[in-house]
Amino acid sequence: MSAPHPTSPARRRLLGTVAPVALPILLVVGLWLGGHPEDLPGFLRGAFEANRQTQVVDEAIERIAHDYYRPIPTRKLSNASIAGVVASLDDRFSHYLTPGEYREFISPPHFTGIGVDVATQLADNRGLLIERVFNSSPAARAGLKAGDLIVTVGGRKLEGSSVEAATSLIKGLPGTAVQLGIEPPPPAHSSHRTIKDIKLTRAVVSTPVVESVTKTLHGIKLGAVALATFSPGAHGEVREAVEHELHVGARGLVFDLRDNGGGLVEEAQLIASIFIPKGVIVSTRGRTQPTQVLSATGDAIPASIPVVVLVDSNTASSAEIVTAALQDHHRASVVGTHTFGKGVFQEEQPLSNGGALDITVGEFFTPNGRNLGGGGIKEGAGVIPEVLVPHGVDTNHGLDVALSTLVAKVR
């Protein structure tokens, strides 16, 4: 006679008679091992211990929420406990973002004002020097330009004020008006100053990711493309700006990465590929991350177009990846100061409460094998420029040096 099929009634009955006997035995064994975790196999012992420690944290939060002399929201305690765990890593690049912080983190950067960047010091102690006017901003619509000087706000002179105090007068609620006294640059060979009053309406201004401008030096057209952050889609905006500058006749490009704190490594790969036709851009490795080698994706601009990268001490992370790749491939000269020196990368990991972990998961290495952080989470030497700008790199002087370096490569 053939054996019963696994799904036959005989098989089902056999299982039915074993279960009542087996359950008490399994329960006794489970209780014994629960009280004696040292008898568990190594892989189970580690999991048991981790689970017990998690239970202790939950127990502590529950007792504080229940017994503390004044009420504390459990959500606040949970956020604080996660933040404490991350802080214990002693890694300044790793953070816990609460739900509110994470929503702000992933939203486009914006502020309320008129849409200008100003110098970090009062010009001649008289007013705010406009260094950049954002496209489609209230300032752009009013005709303000880089080089203009804001000398009064609401009829009040800025002379002798700090930059912080002066800019606070300009900021305000969206839709409210502000009156500015603007002093344009004096005509050539003239010291005559004129002040015009302009009324602007404040608005919520989105910080542009990419801006470009065409400059002419010694009769040669040059393009300057500035990138603020390596956010999703930034490579498309950079390529569009680069192609525009070349289309209008620029014979060389300054890629301005000053004050760029980085962003997505994938964007760094794609942006570097605009200038580098082939080869390694960056390699990454981590304890639980597979080693990855990110190479140029093709479709680079002609190698005959000279490039200068402009950097400062705030150029970090993905911005350093691109700078180092262009330097290692001898595709660009670097102008400015040594960069921040960050040789690690982070990964955002959303949590079920709406917050997220932003923690260090690996290190990156340049095409020549350099780790710009010196092999860890401490600040390193960064990228060392071929042309140092010891003073004023964050002003128009820094761009002037970059343009002068570039025009010498064109000639």
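Residues numbered from 1 in each chain as written. Predicted model: local features only at pLDDT ≥ 70, side-chain atom pairs only at ≥ 80, totals over all residues. Heavy atoms only, no water.

**Observations concerning the sheet that holds strand β11 (residues 220-227)**
Pairing within the open sheet is mixed, and its 6 strands lie in the order β10-β11-β12-β15-β16-β19. The open sheet is flanked by β10 (210-217) and β19 (387-388), the only strands paired with a single partner. Two strands pair when backbone bridges link them, and strand β16 (residues 333-336) and β19 are joined in this way by 2 bridges, in the parallel orientation. Within β19, the residue paired with Val335 across the bridge is Val387. This element, helix α9 (residues 318-328), spans β12 (253-256), β15 (307-311) and β16 of the sheet and lies at about 145 degrees to β15. Running at roughly 165 degrees to β15, helix α10 (residues 396-410) makes contact with β10, β11, β12, β15, β16 and β19 of the sheet. (Pairing = 2+ DSSP bridges. Helix = DSSP H or I, 4+ residues; strand = E, 2+ residues; numbered from the N terminus. Contact = heavy atoms within 4.5 Å. Axes fitted to C-alpha atoms, helices over the stretch in contact; angles between N-to-C directions.)

**Description of the packing of aromatic side chains**
Applying the stated criterion to the full structure yields 3 aromatic pairs. Look at Phe93 and Phe340: their rings are 6.3 Å apart centre to centre, the planes differ by 65 degrees, and that puts the pair in the edge-to-face class. Here Phe93, found in the loop between α3 (74-87) and β1 (95-97), pairs with Phe340, found in the loop between β16 and β17 (344-350); they are 247 residues apart in sequence, far enough to count as distant. What makes Phe93 buried here is its relative accessible area of 11%. With 5.4 Å between their ring centres and 40 degrees between their planes, Phe255 and Phe275 make a pair best called tilted. You can see Phe255 sitting in strand β12 and its partner Phe275 sitting in the loop between α8 (265-272) and β13 (280-285), a full 20 residues away along the chain. Taking relative accessible area as the criterion, Phe255 reaches 1% and is therefore assigned buried. Here Phe275 falls in the buried class, since its relative accessible area comes to 1%. Positioned above the aromatic ring of Phe365, the side-chain terminus of Arg285 is 4.1 Å from the ring centre. (Phe/Tyr/Trp six-rings, centres within 6.5 Å; stacked < 30°, edge-to-face > 60°. Buried < 20%, exposed > 50% of the residue type's maximum accessible area, 1.4 Å probe, protein only. Lys NZ or Arg CZ within 6 Å of the ring centre and 35° of its normal.)

**Examining the pattern of salt bridges**
For the structure shown, the criterion picks out 9 salt bridges. For the salt bridge of Glu211 with Arg132, the shortest nitrogen-to-oxygen distance reads 2.7 Å. Of this pair, Glu211 sits in strand β10 while Arg132 is found in strand β4 (residues 128-133), placing the two residues 79 residues apart along the sequence. Asp256 serves as the salt-bridge partner of Arg258, at 2.8 Å between the closest nitrogen and oxygen. For the pair Arg258 and Asp256, a shared accessibility class is recorded, and that class is buried. Taken together, the salt bridges that share partners define one network made up of Asp117, Arg132 and Glu211. (Salt bridge = Lys/Arg side-chain N within 4 Å of Asp/Glu carboxyl O.)

These figures capture arrangement, not role.
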